[in-house]
Structure formats: C-alpha cells, structure tokens
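Descriptive structure summary
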Amino acid sequence: MLLPWAETMGVEGVPVTGPSVLQRRPVEVPSGAASDAVAAAAAAEPACFTDLHLDQVVATITAGREAYELTPFFHAPLTDPDDVAYRHEVFFDLADDARRTVIAGFGRDMRLVREQRARAAALLDPRQGWRVYLDAALTYCSAVSRLASGLAEHPPGSRALRALAAYVDRYTSGAAFTSLRAEAMRIEGALDDVRYELTVEQDRVVVRRASEAPDDGAAIARTFARFSGERFGGEPRRRRRESRRDDPAANQIESAVLERVARLYPDAFGALEAFAGHYQTYLDPVVATFDREVQFYLTTLEYVARFERAGLPFCYPSVSADDKAVRARDAYDAALAHGLLAGGGSVVCNDFELRPQERIFVVTGANQGGKTTFARTFGQLHYLAALGCPVPAREASLYLFDQVLTHFEQEEDVRTLRGKFQDELMRMHALLEHTTDRSVVILNEALTATTSHDAALVGRQVLSRLLEQDVLGVWVTFIDELAGLDPAVVSLVCGVDPEDPARRTFELRRRPADGRAHAIAIARAHQLTYAELRRRLRS
Amino acid sequence: MRPRLLHPDREFDTHGRLPRQAATLVQDLELSTLTAAMARGDKRIADIAQRALLAPLTDLDAIAYRQAVVRDCLAHPNDARALYALAVAAIERAEQASWAFMPRKPASIVRHARDVLLAYLESLRALRRLADRRGEHVASDALRVFFELIRRELDDAALREMERHLRALRFTAGIRVSAGLGPANKARDIVLHHGRARARVWTRLERWWPPLRRRREPAFSYQLDPADENGVRALDEVRDRILEGVSVTLAQASEQVAGFFHALRSEMAFYVGCLNLAERLGELGAATCLPEPVADAPGPWQAQGLYDPCLALSADQPPVDNDVAPQAASLVIVTGANQGGKTTFLRSVGLAQLMLQAGMVVAARSLRAGACAGIFTHFKREEDASMTSGKLDEELARMSAIVDELRPGSLLLLNESFAATNEREGSEIAHQIVDAVTESGVRVYFVTHLDDFARRRYERDAAGTLFLRAERRPDGERTFKLRPGAPERTSHGMDLYRAIFGDADDGVGDAEDEAAGPTADAHPPHTPT
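Being a predicted model, the structure only gives us computed values, none of them experimental.

For an interface, size is often stated in terms of accessible area lost upon the parts coming together. Taken together, the contact pairs 56 residues of chain B with 55 residues of chain A. Sorting the residues of the side of chain B that touches chain A by element identifies helix H8 (156–168), strand S1 (175–181), strand S2 (187–193), strand S3 (219–223), helix H11 (229–242) and helix H12 (244–283) of chain B as the ones contributing at least two each. Per-element tally for the side of chain B that touches chain A: the top contributor is H12(B), with 14 residues. Here the side of chain B that touches chain A is composed, by residue class, of 29 nonpolar, 16 polar and eleven charged. The sheet contact formed by strand S3 (residues 195–200) of chain A and S1(B) spans six bridges and is antiparallel. Residue pairing for S1(B): A:Tyr196 is matched across the bridge by B:Ala179.

We now examine the sheet that holds strand S10 (residues 411–415) of chain B. All names here are of chain B. A sheet is described by the order of its strands in space; here six strands give the open sequence S9-S10-S11-S7-S12-S13, paired in mixed fashion. For this open sheet the edge positions go to strand S9 (375–379) and strand S13 (478–484), each flanked by a neighbour on one side alone. Strand-to-strand twist of the sheet, defined as the mean angle between neighbouring strand axes without regard to direction, takes the value 15 degrees. The pairing of S10 with strand S11 (residues 443–447) spans five bridges and is parallel. Bridged to Leu411 within S11 is Arg443. Against the sheet, helix H14 (residues 342–357) contacts strand S7 (331–336), S9, S10, S11, strand S12 (465–472) and S13, and its axis sits at roughly 160 degrees relative to S10.

We now examine the packing of helix H7 (residues 126–153) of chain A against helix H8 (residues 159–173) of chain A. Residues and elements named next belong to chain A. Orientation of H7 relative to H8, taken along the N-to-C sense of each, is 130 degrees, at an axis distance of 9 Å. Here H7 is positioned oblique relative to H8, judged by the angle of their axes. Where H7 crosses over H8, the handedness of that crossing is left-handed. Together, Val144, Ser145, Leu147, Ala148 and Leu151 of H7 and Leu161, Ala165, Val168, Asp169 and Thr172 of H8 make up the contact between the two elements. Among the residues forming the contact of H7 with H8, the class breakdown is seven nonpolar, two polar and one charged.

Judged by nonpolar contacts, the single largest core of 286 residues is most densely connected at A:Val363, B:Cys274 and B:Ala352. Looking at which element gives the most residues to this core, the answer is H12(B), with 20 residues.

Glancing now at the confidence of the model for chain B. All names here are of chain B. Here chain B averages 84 in pLDDT, while 85% of its residues score no lower than 70. Looking across chain B, the model is least confident in helix H19 (residues 511–516), with a mean pLDDT of 38, and most confident in helix H4 (residues 60–75), with 96. For residues 504–529, every residue scores under 50 in pLDDT, and the model assigns this stretch 33 contacts once sequence neighbours within four places are set aside. This prediction of the complex comes with two scores: 0.68 for pTM and 0.76 for ipTM.

This next bit is on the environment of B:Ser427. All names here are of chain B. Its place among the elements puts Ser427 in helix H16 (residues 423–439). Under the C-beta neighbour-count criterion, Ser427 is labelled buried, with 21 such atoms within 10 Å. Distance from Ser427 to Ala454, taken between C-alpha atoms, is 8.4 Å for residues 27 residues apart in sequence.

Turning to the sheet that holds strand S5 (residues 318–320) of chain A, a few remarks are in order. Residues and elements named next belong to chain A. In space, the four strands of this open sheet follow the order S5-S9-S6-S7, with mixed pairing throughout. Since the sheet does not close on itself, it has two edges, and those belong to S5 and strand S7 (350–353), each with one partner. Along the sheet, successive strands turn relative to each other by an average axial angle of 20 degrees, direction set aside. Here helix H15 (residues 371–386) sits on the sheet in contact with S5, strand S6 (327–331), S7 and strand S9 (395–399), set at roughly 75 degrees to S9.

Turning our eyes to something else, we now look at helix H12 (residues 266–278) of chain A. Residue and element names in this part refer to chain A. For H12, spanning 13 residues, the distance from its first C-alpha to its last is 18 Å, which sits close to the expected 18 Å at 1.5 Å a residue. Looking only at H12, the buried set comprises Ala268, Phe269, Leu272, Phe275 and Ala276. Down the axis of H12, the buried side of the element spans an arc of 115 degrees, and every buried residue falls inside it. Opposite the buried face of H12, by more than 90 degrees, sit the exposed residues Pro266, Asp267, Gly277 and His278.

About the criteria used
Once a new chain begins, its residue numbering starts again from 1 and follows that chain's sequence as written. Here every chain gets a letter starting at A, and every ligand a number starting at 1, in the order they are written. Only residues with pLDDT of 70 or above have their local features reported here, since the model is predicted, and side-chain atom pairs are shown and tallied only from 80 upward, although totals for entire chains, interfaces and linings are computed over all residues. In this description, any two residues whose backbone-derived C-beta atoms lie within 7 Å of each other are considered to be in contact. Helix numbers and strand numbers start at the N terminus; a helix is a DSSP run of H or I with at least 4 residues, a strand a run of E with at least 2. Following the grouping adopted for this structure description, the nonpolar residues are Ala, Val, Leu, Ile, Met, Phe, Trp, Tyr, Cys and Pro, the charged ones are Asp, Glu, Lys and Arg, and the polar ones are all others, Gly among them. If DSSP finds at least two bridges between two strands, the strands pair. Axis lines are fitted through C-alpha atoms, for helices just across the contact stretch, and the angle between N-to-C directions can take any value from 0 to 180 degrees. Here roughly perpendicular refers to angles of 65 to 115 degrees, roughly parallel to angles under 35, roughly antiparallel to angles over 145, and oblique to all remaining angles. We call a crossing left-handed when the near helix sits turned anticlockwise from the far one by less than a right angle, and right-handed when that turn is clockwise. In plain words, the nonpolar core is the set of buried Ala, Val, Leu, Ile, Met, Phe, Trp, Tyr and Cys residues that C-beta atoms within 7 Å link up. Partly exposed residues are those whose C-beta has more than 12 but fewer than 20 other C-beta atoms within 10 Å; 20 or more makes a residue buried and 12 or fewer makes it exposed, with C-beta atoms placed from the backbone. Looking at any residue, its pLDDT shows the predictor's confidence there, from 0 to 100. To estimate how far a helix should reach, multiply one less than its number of residues by 1.5 Å. Regarding the arc, it is the one traced by the directions from the helix axis to the C-beta atoms.

Laid out in structure tokens, this is it:
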C-alpha cells in the first residue's frame, strides 16, 4: 500500500541541486520554485485530452503507480526537439534489460523504504517503531548502493542517466551517506546479537539473558525422527499454515517482554532509540526525485510492451519544430487498441503523409468508417511525440507543436439547433483566436448543426483561415467540397470492402471525396446497380 | 522406520488409486467373496487383501519375500495374530487419547500430540517386549529384519528419552524458550528448553539462603492481573507463538508414529487374512498351497487340484477341482456344455494367478506358474444378452480400454466375449483380436460358444492352442471337470433344458442329445455362478 508521494518521502531541509531525468536543466529540490517538473505538476489537463482519448491513454499508462503522481508529467509537452531527444536517450538506455532491471529494482526498493517508514510510524510500541525505522534506513542505503553499482556495471549512454550516475557516485561516497549506513549497520548487528530467555508461567512471564541451553525442540525432532517413513514421514500429511497471523504489532505481553529485553540490553536499545531520533531526514532529495521521475519511463515502457507483445508497433518518431511534412506508417489509436487487446479484437493501422506543401487532411466517407479514430490517431501521435515518448506507429516523422487544439462535436448538447450552431461557431472562433503557425488543429464533425449550404459556406471560411495561419491538422467532415478546396488540403476517404460493402475496412485512402462510392457499393450488394437492375428487369 | 512386511524396499500403498481394471476384476472374479473369507468380519483385512490382489507382484523375489512371511505365520499363527492385535490396540489407544476435533492452535496441538504420543509409547514398549520374546522364532527375512529393527531402534535408552521429552512437555515449571529479535523486534529463532529439573529445589534453597540468588542472571518479570482478560488472551497468543515450532515437530512426530503403527496394522492384516483363508478352506476340506512362481511369464502353467475358492466358500462345500497339465500355449480355448464349469475354471485360473502374484496361498494342491505383467478379464455381462449393436459397442469399448493397458506377458481371460452380435461377426472380431493380442505376447484363456471361431482355430492351429472341453458324461451328467478335447458343435443347452424340466421326451432336441438318453440325477452338485 503506497502512500501519497510527498508525505512519505520526507524530503525536506536544505535545497539541493541535481540532475533530472525529465529535463535538461538541473532541478533544485525540494524548494520547488525552479523545478520545471514541479511546475508541470501544477499544470492542468490539456483541453484536447478528452477529445483525443489521451485521458484514457494516460490513465492506463499511470495505473498502478498512482502514488508517484505521474499524471502531471503527461500534461507538459515539450517544444524543443533537443528536449525530446533528451528523453529518447533515456528510453533507449532503459530498453536494455539489465539496465532497466537495475532501475526497476531501485524503484521497488524505494517503495519498500516508504512502506517501512509508514509502518514504523503506525507501530504503537516505540521499540518496534524504531526497529522498523532502522530497517527503512538500511533498505534505503542498500537501494542507493545497488543503484550506484548497477549503473557502474551497466553504464548508461543518455545524458540524463550519466549525470544521475555521477551524482549518485558522489552522494554514496559522501560523509552523510556513509555514516548513516555505518551507524545503521552497527545497530542492526548489536540487535542481532541479542538473545533472551523467556519463561511463560500461568500468569507471569520472566525474561532473562539467554544461557547456553540445549535445543530441546530439535532433540524431540531427533528422537522421533526414527519413525519417519518414506511416504508419511518427512512432511506432515496435512500442510499446516506456517504462520497464523502476520501481525507485526506486539500485543500487551510482547511489549512487556520487549521492554524487559531492552533493560537487559541497554546499549543496543539505547543506540536504536538515538538513531531514530537523529536520522529523521536522511533521504536525498535528488535521489528521491529521480525515483519518481524515472517511473515516467518505466511505466511507459511497460505500456508499450503490452502492445508489442500483441504485435502492434511502437516507435520513436523523428521530430522537428520546422518541418511540417509529417508522415507515419501503421499508425493507430492507442486507446482503442488497448481496449481491443483485452477483448481480442484486431486493430486496423493507417498510414498518413503530408507532403511539404500540404497541411490539412480532410476526411470524408461512411459513418463508423474510422474517420474519428484517424483524427484521434493523428492527435495522439503528435502529443505523445511531444512528451518524448514512443508513439503507436511503425515509423513516424512528426511536427513539434506549441499546442493541440481540438473541436469535437458535442453530442449531449440538448439546446436548439440554432443555439447549438451559435455555440459551435463561438467555440470555433475561440479556437481560431488561439491558433498559431505552430498549432495542430483537429476538427471532428464540425458544423453539423446547420444546413449543408450554410455549413459549406462557413466551412470554406474556416478552412481558409486555418490555411492562412499555416496550421497542421485533420478535419473530419461531411462537407465534401472542402476536400478539393486548396492544394494544401489532402482528401482522405475511408474505405469500404468492395466485396461486402456493409463491412468497413477502417482504412483511409488518399482520393477525391465522393460520397457516392459507398452508396454504389451498397447498391451492388442489393443488386440495384444499373446492370443488375437491367438484368433483373429484363427477366 | 517402517515395518516393510509386504515389500522389501518400500511401504505398502494403502491409499493409492487402484488400477483402472480393478473394478472389473473384482466383479468378474468375485474377489469380494475371497476377501470376505480372509477378513472374517474385519473390514480392514478385506480392504488390504483386495489392494494386494489388485496390485500383482511381477518380481519373483518380491513374491518369495511375502511367501516366507506367510510360511512364518502358518507356523506360528498366534504370533502373527498377536502382532496384528498389538497394532490394532495401539491405534485404538491413540484414538482414545485423541480429541474429538483436531486442535488448530499451537499450544493445543502440543498438548494433543503429547497425549497421543504418550499413548503410543505404551504400545512401543509392548512391541519391544514382543520382539524380545518372539524375535528368534521367525524364519522370514521380513519379520527377522523387522524385529531386529524394533530391538535396535526402540532400545531402553530410546524409550527413556521419548518418555523424558513427553513428560517435559507438561510444562509444570512454565514454558521456557530462548529467542532473538526478528522483524519489528518480534521474537524470532525461538528455541524450546525443557524446564530446569531442579528449579523447585533451587527456589527453596534461595529462599533459605539468599546469597545464592545473586549468582543467577538478572531477571525481569511481568505479573499479569488474572482479571485482565485482554492480558490473559495476549498471554495465550504468546504461548501459541513460542510453541509454533515445537507444535509442528510434535504433530509430525505423532503422525510418523501413527504412520508406523498404521503400516504395521495394514501389513499384518494381509497376513492374518492369509491365515484366515487357509484355515477356512481347510475346514471345507479344500487344499491350499504356496505356489511355485517361475520366471518367464507367461511361460508354462501347471496345476493340480485347481479350484475356484470363491465357489467353495459361497457353496460351503468342497469344490470340484481340475488338473492342468504343463503347457505353455499362448491360447487356451474352453468349450463345452453350459453350466459345465467353464466359467468356474476360468475364475480359478484368474484367482490362482492373482493370489500367486499377491504372495498368498492359492486354491490348489500345487501350482507352478510365471508372474504375469498384468491380469485382465473380459466377461460377458448379463445385460449383454440381447443382440444389439449398442451392446456390442459397449463390449468393444471395454475391450478397447483393456487393450490400452495390455503389455506383453499379460494374462487375458475372455468369457463369452463378442457374443453380442451374430456368430459370424462375433467370430471374425474374435479372430482379429485374439490373433493380435496373442502375437503380442499375451496369454489368452477364452471360454466361448463361438463355434465358428473355435472350429477354425482348431483346424488352423491345433498344436499351438490348448482346447479344453467341459466334460459331459454319455448320460448327459456334468462332472464340472475340463478335459482336453476338440470343440464340439453344440453347447448342450438341451441337457440343461431336460435337467430343469425333468422331461426327456419333449420332442425337442438333436441327434446327439437323443443318443444321450434320459438323465434322472443330472442336477449339478452345486450351482456355478
């Protein structure tokens, strides 16, 4: 059971500056003000998240790691290609099993540290609490030492992990760490040497130092061992539960015994109590921050691995802040695919490409043909690329935007047709106000709440504004004529199986918008094509 | 430490799964009649005997190992019964000491196991006395080694040591353990120490002369207010915790001692069963003998005075027996009159084989036979009487299940198999199956009315096949003896008709029967089943 991040870390005291694995600039912790990561933590969910189903993607990625509060990291896309490269390097480092095992092991160790600290605080008997607190310190020391040695054994190539390794090396050879570890180990040794004798009488317990008395339990076992048979012997026939209760808390008698053991061994227990008092804030803030930030990579890699096991590709895209010629091969909607993985459905991948002068995909065609999915895919790919993450495609070159703006039809709107159209225009206007020449814009089934004539008129206007602003985007629409409006517009039509027009292929093809293509296919299915009708009418 | 009276190298499996063909063998050979006679009302004997019969030994040394014990038991029946009774009494006494419900908490487990072990301790002493007294009188390896084991492992020192530990577990001076500090400073590595024998003496001395006390280790005590219910419960928890390790040890020890006596009881049950059977058949005037197992199964087979013990037991009279001349034919075809003793003969062969391979006495004056790899029966079922394809299907399914398990060297007893169809088809099936299995090294005894099959076999391979025929005197009376003889064309159903209807002149019959003439006293001496 993990507790919320900040509370359990106990990171406080003098701010320390150290490397961050999420950003190139070193962070100052725990003061926070200068940390981009902390700033990101405050960032609210981007408006496009729901429309693009990125909220689902991020929820799936971060599931099980809630205690790390990773979600804010996913709310802060990068705009500099070198920042993206900085993260890609870390991903490449962690693609190595040995190195990832080191880092993941460190994460597990640190979780144990936090659990132990929480458990120590919950124990009522102080002598128990101190002991578990000591355990936490020892776990921490071995966690950091193992991280240091693990990184030395598997030297990372990324700027981020190289800097971190150097920091950890300095830290583990520093006085603060070495004295903490030495003192904790000394006390543990002293406690390990404690051995006491306990006599339980009718209503009294007596505690004294243990003497050299024979192990009569073992003697009993030896005496009766002669009866062991090959089938019945050795193991009891019915397996008994080894330990009845795993309650770490001492009961009244156990506490009384422990108190008396402490009196018999005052040195060991005195040192234990002093340790718990002196070492309240031993966790290094940079190490603790690393523990949290690196989870961003580990959890993303686990997410990606689930797709790769099912044969779905993920790749590290090349990103550019200048070149708007974007392309992807075998791209898909990660949120949709993840649901299909669980249900065993097959996922349809699509290629897309905008050549140098092209800017906007206009997608038309049959309903339920994969148009919206394509729009989301386009958005997800760009957004995930800007996080420095791998993207759901076999291969991709993507543009590094300043913002992703979306306009999806709001289905639950119960206002009048006129009110709805008005509202839609207002939203679209606001969107156009915010767009810059670096924006990605995704419009889905806009302008449905009016006549097609009006819609076409407004659509042309909006499209030319978007082209004027040189945005990159996708427009899913029923307004066919938008598709042929400008050389910068690419028309995509969602495909239908020619053999069985009722079946959608969910594949999008570059071709002129032609609303009738689909209708003719259906007509053929019902034998209502010209030739079919002639033939049928003849007979 | 296990008796090992049934196998030289392992325990007898009293709870394992029976072979798949077990139920069929029990039914076809009427094993329960045999085991009931062995049991003489003791259900345990019947169970063990059945298991021993259904798990035939194939190793000649293993058979000889049991036969030697049987010989000992026949020579000293009282000793055998006394050893069995001792094991029975030991387990009964332990069960009396047992609680109604198995306790679950360590402190209770310790008390329970201690009481049970104290009860067993008495029986161990009795066993030791028996070994001292009778150990010299046995000739078999199994019993000699067993008694030596008892005298070595249960010497006076060992018995005293057991008693000392069990008495110490009464904890009259409190439970004394030592421990270290484990996770969260809870006790770990808990070690039990018996109470100091002189504790009370010391206490008195100290009271009398206080300076003694200073020499002892410092001690801190905690006195519980008896009214503090939570404290009392906490103290119980502590007791359970510190006794957890020793409770496992003791539970294991009591299970092991129980395992020893259960094994002794099971294994002696088998031999007492053999004694009972030999005595009972002797009372009926039927001979029993220890057979002579020979290598090379199926190999030659030779018997004198072979009979079906189950028939003798259920009819409560001396049996009709048969001699089987030495022969190694891989196929024995038995034909002849209905109710002429064919099935009885088949059973007597199967039972003798099973009893031989269980290491028991057999129902014959003498028997010399190899140990088969497996013994299988395929008997006509009552419900097979109607000739429908469903029946044949069922019959062949049973056959197929047997074939799954057949190995070279097995013995297969077929009793009116493949009769659930017309004779031509039945014969054809029989030919193919019998050819295949005999050529695979399986010996087949086939009681059959499939004339076509039997005749063709006779014409083809009279030398390699033994043909036996249920004897029928010229006057039509059955002797229930089998004689070598070529298959005849009819099965003398007419005889039976006449015997039952008592009417010779009914106008029904064939030429052969007419020639036989009337039979006034053609009733069989007893009714074979």
